[in-house]
Amino acid sequence: MTTGYVFHPEYLWHDTGTSAGVVLANPAAGIAPAVHIENPEAKRRVHELIHAPGLLGELMIIEPRRATVAELLRVHTEAYVQHIKTQSDLHGGGDAGDGYSPVGHGSYDIARLAAGGLIELVTAAVHGDITNGYALVRPPGHHATADAGMGFCLFNSIAVAARHAQAELGLARIAVVDWDAHHGNGTQAIFYDDPSVLTISLHQANCFPPDSGWTTENGVGEGAGYALNVPLPPGSGHAAYLHAMHQVVLPALNRFAPDLILLANGFDAGVFDPMARQMLTAASYREMTRLLIDAADRLCHGRLVAAHEGGYSPFYTPYCALAFLEELAATTTHVTDPLAVVVAGYAAEPLTPQQQAAIGEATQLVSRLH
Ligand code: 6DK
Ligand code: ZN
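In this text, all values refer to a predicted model and were calculated from it rather than measured experimentally.

Parameters at a glance
Every chain is numbered independently, its residues counted from 1 as its sequence is written. Chain A is the first chain written and ligand 1 is the first ligand written, with later ones labelled in order. This being a predicted model, a pLDDT of at least 70 is required before a residue's local features are given, and a value of 80 or more before pairs of side-chain atoms are given or counted; all residues contribute to the totals for chains, interfaces and linings. To obtain the side-chain values, all non-hydrogen atoms of the structure were used and water was disregarded. We call a residue near a molecule or strand as soon as one heavy atom of that residue lies within 4 Å of the molecule or strand. Polar contact is defined as a pair of N or O atoms within 3.5 Å, subject to the rule that within protein one atom must be able to donate a hydrogen and the other to accept it, and that residues adjacent in sequence are counted only when both atoms are side-chain atoms. Here the Shrake-Rupley method, with its probe set to 1.4 Å, supplies the accessible areas, and only the displayed protein chains count as covering residues. As defined here, a cavity is a set of points on a 1 Å grid over the protein atoms alone where a 1.4 Å probe fits but cannot get out. A pocket is an open set with protein on both sides within 12 Å along at least five of seven lines, and residues line them when an atom is within 4 Å of a point. A cavity or pocket is said to hold a molecule if more than half of that molecule's atoms lie within 2 Å of its grid points. When residues are grouped by polarity, Ala, Val, Leu, Ile, Met, Phe, Trp, Tyr, Cys and Pro land in nonpolar, Asp, Glu, Lys and Arg in charged, and all others, Gly among them, in polar. Put simply, a salt bridge is a Lys or Arg side-chain nitrogen that is within 4 Å of an Asp or Glu carboxyl oxygen. In DSSP terms, a helix is any run of H or I states spanning at least four residues, a strand is any run of E spanning at least two, and both are numbered starting from the N terminus. The cut-offs for exposure are 20% and 50% of the maximum accessible area for each residue type, with area from a 1.4 Å probe on protein chains only; residues under the lower value are buried, those over the upper are exposed, and the others partly exposed. In these notes, a set of buried Ala, Val, Leu, Ile, Met, Phe, Trp, Tyr and Cys residues joined through side-chain atoms within 4.5 Å is what counts as a nonpolar core. Pairs of residues are marked as contacts when any of their non-hydrogen atoms sit within 4.5 Å. For Na, K and Ca the donor cut-off is 3.2 Å, while for other metals it is 2.8 Å, and in both cases only N, O and S atoms qualify; water is not among them, so sites may look incomplete. In short, tetrahedral needs four donors with all angles between 85 and 135 degrees, square planar needs four and octahedral six donors with opposite donors over 155 degrees apart and all other angles between 65 and 115, and whatever is left is irregular. Put simply, two rings from Phe, Tyr or Trp (the six-membered ring, in Trp's case) pair if the centres are within 6.5 Å, and we call them stacked under 30 degrees between planes, edge-to-face over 60, tilted for the rest.

### Description of the site of ligand 1
(1) Moving on: Near ligand 1, the surroundings consist of 17 residues, among which Tyr 100, His 142, His 143, Asp 268 and Tyr 312 are the closest.
(2) Moving on: The separation between an oxygen atom of ligand 1 and a polar side-chain atom of Asp 268 is 2.9 Å.
(3) Moving on: When ligand 1 is considered free in solution it has 530 Å² of accessible area, and contact with the protein chains removes 78% of it.
(4) Moving on: Applying the majority rule of atoms within 2 Å of the grid points places ligand 1 in the largest pocket.
(5) Moving on: Within the shell around ligand 1, the residues separate by chemical class into nine nonpolar, five polar and three charged.

Set out below in structure tokens:
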């Protein structure tokens, strides 16, 4: 069993500057945050926490490369790829589309390195060089649609890697599980009419994008039934996410029987995250990861490949990511989570009837899969 790891310093150089401070700022009042919320700090500390206890030595380092334009075009429109390049070429950078998804100077190449990193990881998994893997990339990708960037996302790396696996590596069916706190709307939209790619998103209901990710969004045409959403009420934590895993994600994966499971791996459903109001702990991520690993072992030779998405707490995201990676790599020792005592009470919160109802609605839809 080998776990692959993709990282590159360039990922930290994707410059979100202050231009997208509009999310939190009031320029008219002269108020601007010092840094964009999607800045390198949390992810830098994830990499450092993987490095420090020697975990890096247990992983197979996979070198990323830049996705080619042809590879991006399997998912994105020519005009959109050109738009990102044009913005990236500007001296001061620009924006992907919604006004708070900055494209720093040079970010076109970095976003291609993120998508290409995931391609390389998937390739290594399918070739059998690794069993599973984790790409610690920036910028994130799961909100990007074929022709629009949004929510800090430029290119949809997971979608690009899924299409690569189908076009070049001979895989037929791919499942994308997305447990970032925000709806994986871009990935869902790209595969909405395609029954060969199942998308399952667990997220905070009506958080971001606004009015997106309802259970009623279930796919169209040939793809009807192959998009699943579990919009969880704000405040959902360990009990709700584990229930959703058991009631929706695992049964859906079992029915779909993918050749590969891709994970949009956001840690912003963590209890200290500033960008959502969910309550997961590092132990929750560990347990959810264990369930996905077991599913991948059962269904697709252990092939579980994760791309880092959100996660904005510089002090807690690293411990959540570490728990994820320790589980993925089946390390014998675990680094102590210094906040475990503090969060134990959060994790003990019982399932509420509202959470159960939301999950129940999605459960009903699993039987449409075949
Ligand atoms: N904006 C992500 O973590 C990105 O999923 C989250 C992006 C949140 C944007 C901030 C926000 C609004 C809300 C309402 C109306 C307009 C704008 F992609 C990832 F980085 F992974 O709430
Ligand atoms: Zn998110």
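### A closer look at the pattern of salt bridges
Opposite charge on two side chains lets them pair, provided their charged atoms get close.
(1) Moving on: One pass over the full model with this rule turns up 14 salt bridges.
(2) Moving on: Where Arg 65 meets Glu 120, a salt bridge forms, and the shortest distance between an N and an O atom there is 2.7 Å. Of this pair, Arg 65 sits in the loop between β2 (60–61) and α3 (69–72) while Glu 120 sits in helix α5 (residues 107–127), placing them 55 residues apart in sequence.
(3) Moving on: Residue Arg 65 is classed as partly exposed on the basis of its relative accessible area, which comes to 27%.
(4) Moving on: Note on Glu 120: relative accessible area 25%, which makes it partly exposed.
(5) Moving on: In this structure, the salt-bridge partner of Arg 286 is Glu 327, at a minimum N-O distance of 3.4 Å. Of this pair, Arg 286 sits in helix α9 (residues 282–300) while Glu 327 sits in helix α10 (residues 317–328), placing them 41 residues apart in sequence.
(6) Moving on: On the accessibility criterion, Arg 286 (19% relative accessible area) is buried.
(7) Moving on: For Glu 327, a relative accessible area of 13% translates into the label buried.
(8) Moving on: Taken together, the shared-partner salt bridges in this structure form one network comprising Arg 286, Arg 290, Asp 294, Glu 326 and Glu 327.

### Describing the nonpolar core
(1) Moving on: The biggest cluster of nonpolar side chains holds 116 residues, and the ones touching the most others in it are Ile 50 and Tyr 134.
(2) Moving on: No other element matches the 13 residues that α5 contributes to this core.
(3) Moving on: Residues contacting Ile 50, with those up to four places away along its chain left out, are Tyr 5, Leu 55, Leu 56, Leu 59, Tyr 134, Leu 322 and Leu 325.

### Some details on the coordination of the zinc ion (ligand 2)
Where a metal carries four tetrahedral donors, each ideal angle is 109.5 degrees; where it carries six octahedral donors, the ideal angles are 90 or 180 degrees.
(1) Moving on: The zinc ion (ligand 2) binds to the protein through Asp 180 (OD), Asp 180 (OD), His 182 (ND1) and Asp 268 (OD), with metal-donor distances spanning 2.0 to 2.7 Å.
(2) Moving on: Considering all six donor atoms around the zinc ion (ligand 2), angles at the metal cover 54 to 155° and the coordination shape is irregular.
(3) Moving on: Going along the chain, you hit the donors of the zinc ion (ligand 2) in the pattern D-x1-H-x85-D. Of this pair, Asp 180 sits in the loop between β6 (174–178) and α7 (185–190) while Asp 268 sits in the loop between β9 (260–265) and α9, and the two are 88 residues apart along the sequence.

### A look at the packing of aromatic side chains
(1) Moving on: Tallied over the entire structure, the rule returns 16 aromatic pairs.
(2) Moving on: Aromatic side chains Tyr 80 and Phe 155 sit 6.1 Å apart centroid to centroid with 90° between the ring planes, which places their arrangement in the edge-to-face category. Placement of Tyr 80 in helix α4 (residues 78–89) and of Phe 155 in the loop between β5 (132–135) and α6 (157–168) is noted, with a sequence separation of 75 residues between them. With respect to class, Tyr 80 is no different from Phe 155; both count as buried.
(3) Moving on: Taking 4.9 Å as the distance between ring centres and 65° as the angle between the ring planes, the aromatic pair formed by Phe 267 and Tyr 285 counts as edge-to-face.

Any link to function would need more than the numbers given here.
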